[in-house]
Amino acid sequence: KLRNPRKMWSSRLAWQISIFMGMQSVIYYVFSAWLPSMLQDWGMDVARSGMMVFYIQISTIPMMFVGSFFAENPKYLKKIIWIASVLMFIGILMFIIGKTRFAILASIFNGLAIGLVFSISTMFFVIKTQNITDSAQLSGMAQTVGYFIAGCIPPIVGLLFQTTQSWTFPLWMLLVVPFVMCTSGLMAAKDRVIEVAN
C-alpha cells in the first residue's frame, strides 16, 4: 500500500531532486538530438560528428560508479555536485568558444558530468527517503519530472536555431542548466530526508 503518494509531490526536497535529475537529462537529450548537426554546421564531417555523441555516452559509464561511491558520504557529496556542474559548464562553453576545435574534450566533460549527476540522483532516491515505498515514489516523481523537462528542451533548442540561424544563442541559453543543476543539487544534498506521513 502506498503511503500518501500525493505528499511526495508537495515535498520541496523531492522537487529539488527531480529538478537536479532533470538538468543532466536536458544536456544529454539536447546533445543526443542536436550535437552532430551543430558540429556539421561548423564544418565537421558526418562520421566524426556522430562519434562525439558516443564520447558523451561512453564517458558517463565510469562516473556512474564514482558518483554512487561518493554520494553516500556527505563529506564528498557537495564537492562532487560542484565538480559535475563545473565540468558541464566548461563543456558547454568549449562548444561555444571552440566549436569543433575542442569537441572531443567538450563531449567527454559533458559525459562525465551527466554520469556523476545521474548516479547521485539515483542514490538520492535511497538516502533521502526512509523506506522502500517512499524511495519508489520519489524515483517515479523524479523521473517523470526530469524526463518531462528534458523532453521539452530539444524542440526549443531547434526552434531557437531556426529563429537565429545560429547554434551560439541556444548554447548560451544552455549555460543556465549547470547553474540550476548545482543549486538544486546542493539544496538536495543538505542533511535531511523526505518525510511522508502515513
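Heads up: these notes are all about the structure in this document.

The rules we used
Residues numbered from 1 in each chain as written. Predicted model: local features only at pLDDT ≥ 70, side-chain atom pairs only at ≥ 80, totals over all residues. Heavy atoms only, no water. Helix = DSSP H or I, 4+ residues; strand = E, 2+ residues; numbered from the N terminus. Rg over C-alpha atoms; globule rule 2.2 N^0.38 Å. Contact = heavy atoms within 4.5 Å. Areas by Shrake-Rupley, 256 points an atom, 1.4 Å probe, with all protein chains shown as cover. Axes fitted to C-alpha atoms, helices over the stretch in contact; angles between N-to-C directions. Parallel < 35°, antiparallel > 145°, perpendicular 65-115°, else oblique. Left-handed = near helix turned anticlockwise from the far one by under 90°. Nonpolar A, V, L, I, M, F, W, Y, C, P; charged D, E, K, R; others polar. Expected span 1.5 Å × (residues − 1). Buried < 20%, exposed > 50% of the residue type's maximum accessible area, 1.4 Å probe, protein only. 1 Å grid on protein atoms, 1.4 Å probe; cavity = no way out; pocket = protein on both sides within 12 Å on 5 of 7 lines; lining within 4 Å. Points joined across faces, edges and corners; volume = space filled by probe spheres on them. Phe/Tyr/Trp six-rings, centres within 6.5 Å; stacked < 30°, edge-to-face > 60°. Core = buried A, V, L, I, M, F, W, Y, C linked by side-chain atoms within 4.5 Å. Patch = residues over 30% accessible without salt bridge, like charges linked within 9 Å, V, L, I, M, F, W, Y side chains within 5 Å. Salt bridge = Lys/Arg side-chain N within 4 Å of Asp/Glu carboxyl O.

1. What about the overall build of the protein?
Here is step 1: Secondary structure summary: the protein contains eight helices and zero strands in total.
Here is step 2: Reading the protein from its N end, one meets helices and strands in the order α-α-α-α-α-α-α-α.
Here is step 3: For 198 residues, the compact-globule estimate of 2.2 N^0.38 gives 16 Å, and the C-alpha radius of gyration of the protein, at 17 Å, lies within 12% of that figure.
Here is step 4: Dimensions of the protein, computed from the C-alpha atoms along their principal axes, are close to 60 × 35 × 25 Å.
Here is step 5: Summarising the internal contacts of the protein: among those between residues at least 6 apart in sequence, 81% fall at separations of at least 24.
Here is step 6: Counting only carbon and sulfur atoms, one obtains 68% of the accessible surface of the protein, whose full area is about 9,700 Å².

2. Remarks on the side chain of Gln 16
Here is step 1: As for its position among the elements, Gln 16 is in helix α2 (residues 12–41).
Here is step 2: Among all residues touching Gln 16, those that are not within four sequence positions of it are Ser 184, Met 187, Ala 188 and Arg 192.

3. Focus on the packing of helix α4 (residues 74–98) against helix α5 (residues 103–127)
Packed helix pairs are specified by the crossing angle of their axes together with the interaxial distance, meaning the distance between the axes.
Here is step 1: Running from N to C, α4 and α5 point in directions that differ by 150°, and their axes come no closer than 8 Å. On the basis of their axis angle, the class for α4 and α5 is roughly antiparallel. Here α4 runs over α5; the crossing is left-handed.
Here is step 2: For the contact of α4 with α5, a count of residues per class yields 22 nonpolar, three polar and no charged.

4. Notes on α5
Here is step 1: For α5, which comprises 25 residues, the first-to-last C-alpha distance of 36 Å matches the rise-based estimate of 36 Å (1.5 Å per residue) to within 8%.
Here is step 2: α5 sits mainly inside the fold: 18 of its 25 residues count as buried.

5. A few points about the layout of surface pockets
Here is step 1: For the largest pocket, the calculated volume is near 180 Å³.
Here is step 2: Taken together, 13 residues make up the lining of the largest pocket; nearest its centre are Pro 74, Lys 128, Ala 189, Lys 190 and Asp 191.
Here is step 3: Here the lining of the largest pocket takes three residues from α4, the largest share from any one element.
Here is step 4: Partitioning the lining of the largest pocket into residue classes produces six nonpolar, one polar and six charged.

6. Looking at the environment of Val 176
Here is step 1: Looking at the secondary structure, you find Val 176 in helix α8 (residues 176–188).
Here is step 2: Between the C-alpha atoms of Val 176 and Ala 103, which are 73 residues apart in sequence, the distance is 20 Å.

7. Observations concerning the environment of Pro 178
Here is step 1: Topologically, Pro 178 is positioned in helix α8.
Here is step 2: Along the chain, Pro 178 and Ile 81 lie 97 residues apart, while their C-alpha atoms are 10.0 Å from each other.
Here is step 3: Non-local contacts of Pro 178, meaning those with residues more than four positions away in its chain, are made with Ser 85, Met 88, Phe 89 and Ile 92.

8. What to know about the packing of aromatic side chains
Any pair of aromatic rings gets described here by the distance separating the centres and the angle formed by the planes.
Here is step 1: Following the criterion strictly, the structure yields nine aromatic pairs and no others.
Here is step 2: In textbook terms, an aromatic cluster arises when at least three aromatic residues are bridged by ring pairs, as seen for Tyr 28, Tyr 29 and Tyr 147.

9. Quick notes on the packing of α2 against helix α6 (residues 132–164)
Here is step 1: Where α2 meets α6, the axes come as close as 7 Å, and the angle between the chain directions of the two elements is 35°. Like other packed secondary-structure pairs, α2 and α6 cross with a definite hand, here right-handed.
Here is step 2: Tallied by class, residues from the contact of α2 with α6 come to 21 nonpolar, seven polar and one charged.

10. With respect to the nonpolar core
Here is step 1: Counting residues in each nonpolar core, the largest one holds 61 residues, and the members touching the most others are Phe 31, Leu 35, Ile 92, Phe 95, Phe 124 and Leu 171.
Here is step 2: Taken together, the elements giving at least two residues each to this core come down to α2, α3 (46–71), α4, α5, α6, α7 (168–174) and α8.
Here is step 3: Top element by residues in this core is α2. It accounts for 13 residues.
Here is step 4: Other than its neighbours up to four places away in sequence, Phe 124 contacts Ile 17, Phe 20, Leu 77, Ile 81, Thr 129, Leu 138, Gly 185, Ala 188 and Ala 189.

11. Overview of a nonpolar patch on the surface
Here is step 1: Side chains of Met 51, Phe 54, Ile 58, Ile 61, Met 64 and Phe 65 sit close together on the surface and give an oily, nonpolar patch of about 560 Å² of accessible area.
Here is step 2: Along the chain, Met 64 falls in helix α3.

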